[in-house]
Amino acid sequence: MVDREAIENYRPPASRVESVDGDRLRIYCGDELPAIGSAIALTDDEDRGPLYAVTERHAGARRVDAWLPLRPDWVRPHVSAAPTGQPAGFAAPTDAAIVPRPQMIRPMADGDILLRPPTPEWTEIDGSPLPLAIGVDVLDVMAPICSGGVNLIIDTTDDGEPSRRLCQKIEATLAPDALLIAGDEKPELGEQVDDRAPFRVIREPSLRSQIAALQFVIALAPVLRDSEKALAVIDLPTLHSPQRTARTPSQVSRSEGVGAIIDRLGRHLVSTADSQLTSVFVLRLPDGADGLADIIETLHLGEVETTIYIDNDGRLDPRRSLSRCELDDDQISARRELLRVLNLARQADDKASLLGEAELSDAERRAMDRVDQLRPFL
């Protein structure tokens, strides 16, 4: 028998947080599904909040997955949730410095920066980056920085100083109109750009803070493209070779979170027909290069034009460094000559280990002597 009273008194369940995993939330929204990138207000019975989570995905069954950077402990299951119907944004920094905090996110207001900007269309992307000579002869020939392209620096030193000095050379040579620096605060890079301080996204040591910092970097990409020539220098989270051992759901979630945000990073920090945006991603691997191929494969940085490998002595490794920048005929000839020397030196090294150095030809000896010059300290 139908319970008419139950039907007449039925009230749909209220929108609420159903589960949390780090900074990611599963939220029941009922029939009012918010748009991707929109803000969802979160409050609790003790009138804490509102804080605003960002809708990331429609999960089905009237639920969405949302993100709240550095989620405070009071945001937990059963906290009330209310879609705002407005895109999530944050106030433009007045001092050009951003330290990600959950309180920064709000429904878009006039002058705010959109937290999840649209990805540039393929037809908008400029696919013709040019080599940028920074004054390091071997690097400028073997793996030149691509201005207007995506560049990856892999630094295996303990202190990361070589990559910092290299970024300073890139900035000084490029002379950008706008500059974005993301990572630990580095006052020695980009003191002033055309009477404007550079944008800084300063991360804290936790992985959650690093992921949050990268999201704010993505939000600033359209702001950088408002300038004619911009530079973004981004410290990537320190990654490790994928483990074969079983991982907890939270560990899997955090790993996928890093991969997803870096994937989006490579699709947003690109040049368009109207603006040149040079991106430099710095990956620190202080424990050496074990599992390097697996690590690079997990980055999903898209079309990396240049990869520069710095060994643990702070020297350029020309055999692991490469670039897809277009070179002129003289540069191509110089690269071929250096590759010839490197190959001959490698063959000579193998020969010496088997037969002894007495069996080496004069050309092989000269090649081995020259290799040291092809590995400059950075």
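Structure shown above.
Just so you know, these numbers come straight off a predicted model, no measurement behind them.

A. Summary view of the sheet that holds strand E15 (residues 229-235). Pairing in this open sheet of eight strands is mixed, and the strands run E7-E14-E13-E15-E16-E12-E17-E18 from one edge to the other. Looking along the sheet, the strands with just one partner apiece sit at the ends: strand E7 (97-98) and strand E18 (322-323). The pairing of strand E17 (residues 306-310) with E18 spans two bridges and is antiparallel. Paired with Thr307 across the strands is Leu322, a residue of E18. Contacts between helix H4 (residues 207-224) and the sheet are confined to E7, strand E13 (178-183), strand E14 (199-202), E15 and strand E16 (276-284), with E14 contributing the most and set at about 170 degrees to the helix.

B. Summary view of the pattern of salt bridges. Overall, the coordinates contain eleven salt bridges when judged by the stated rule. Across the pair Arg24 and Glu56 runs a salt bridge, and its minimum N-O distance is 3.4 Å. Of this pair, Arg24 sits in strand E2 (residues 24-28) while Glu56 is found in strand E4 (residues 51-60), placing the two residues 32 residues apart along the sequence. Taking the shortest distance from any N to any O, the salt bridge between Arg164 and Glu161 comes out at 3.1 Å. In this pair, Arg164 and Glu161 are both assigned in helix H3 (residues 161-174), three residues apart and thus about one turn of the helix distant.

C. Inspection of the pairing of E2 at higher detail. In terms of strand pairing, strand E1 (residues 16-21) meets E2 through five bridges, oriented antiparallel. Bridged to Asp21 within E2 is Arg24. Across five bridges, the pairing between E2 and strand E5 (residues 63-67) is antiparallel. Of the residues in E5, the one forming a bridge with Tyr28 is Arg63.

D. Structural detail: H3. With 14 residues, H3 should cover 20 Å at 1.5 Å per step; its first-to-last C-alpha distance of 20 Å lies within 8% of that length. Regarding H3, the residues found buried are Pro162, Ser163, Leu166, Cys167, Ile170, Glu171 and Leu174. Looking one or two places after H3, you find Ala175, whose phi comes out positive at around 50 degrees.

E. Layout of the environment of Gln276. The residue Gln276 is located in strand E16 in this model. When its relative accessible area of 26% is taken as the criterion, Gln276 is described as partly exposed. Taking C-alpha positions, Gln276 is 6.2 Å from Ala230, a pair spaced 46 residues apart along the chain.

F. Spotlight on the packing of aromatic side chains. One pass over the structure, following the stated rule, counts one aromatic pair. Judged by centre distance (4.9 Å) and plane angle (70 degrees), the rings of Phe90 and Phe216 are edge-to-face. Linking Phe90 in strand E6 (residues 80-90) with Phe216 in helix H4, this pair joins segments that are 126 residues apart in sequence. Classification of Phe90 by relative accessible area gives buried; the value is 0%.

G. Examining the state of the cysteines more closely. For the structure on display, the rule yields one disulfide. Paired by a disulfide, Cys146 and Cys325 hold their sulfur atoms 1.5 Å apart. Residue Cys146 is found in strand E11 (residues 145-147), and its partner Cys325 is found in the loop between E18 and helix H7 (329-355); the two are separated by 179 residues along the sequence.

H. Representation of the pairing of E16. Burial runs high along E16: eight of the nine residues are buried. Summarising the sheet, strand E12 (residues 150-155) and E16 pair through six bridges and their orientation is parallel. Looking at E16, one finds that Val150 is bridged to Ser279. Two elements, E15 and E16, share seven bridges in a ladder whose sense is parallel. In the sheet register, Ile234 faces E16, and the bridge partner there is Phe281.

Cut-offs and rules
- Residues numbered from 1 in each chain as written.
- Predicted model: local features only at pLDDT ≥ 70, side-chain atom pairs only at ≥ 80, totals over all residues.
- Heavy atoms only, no water.
- Pairing = 2+ DSSP bridges.
- Helix = DSSP H or I, 4+ residues; strand = E, 2+ residues; numbered from the N terminus.
- Contact = heavy atoms within 4.5 Å.
- Axes fitted to C-alpha atoms, helices over the stretch in contact; angles between N-to-C directions.
- Salt bridge = Lys/Arg side-chain N within 4 Å of Asp/Glu carboxyl O.
- Expected span 1.5 Å × (residues − 1).
- Buried < 20%, exposed > 50% of the residue type's maximum accessible area, 1.4 Å probe, protein only.
- Phe/Tyr/Trp six-rings, centres within 6.5 Å; stacked < 30°, edge-to-face > 60°.
- Disulfide = S-S within 2.5 Å.

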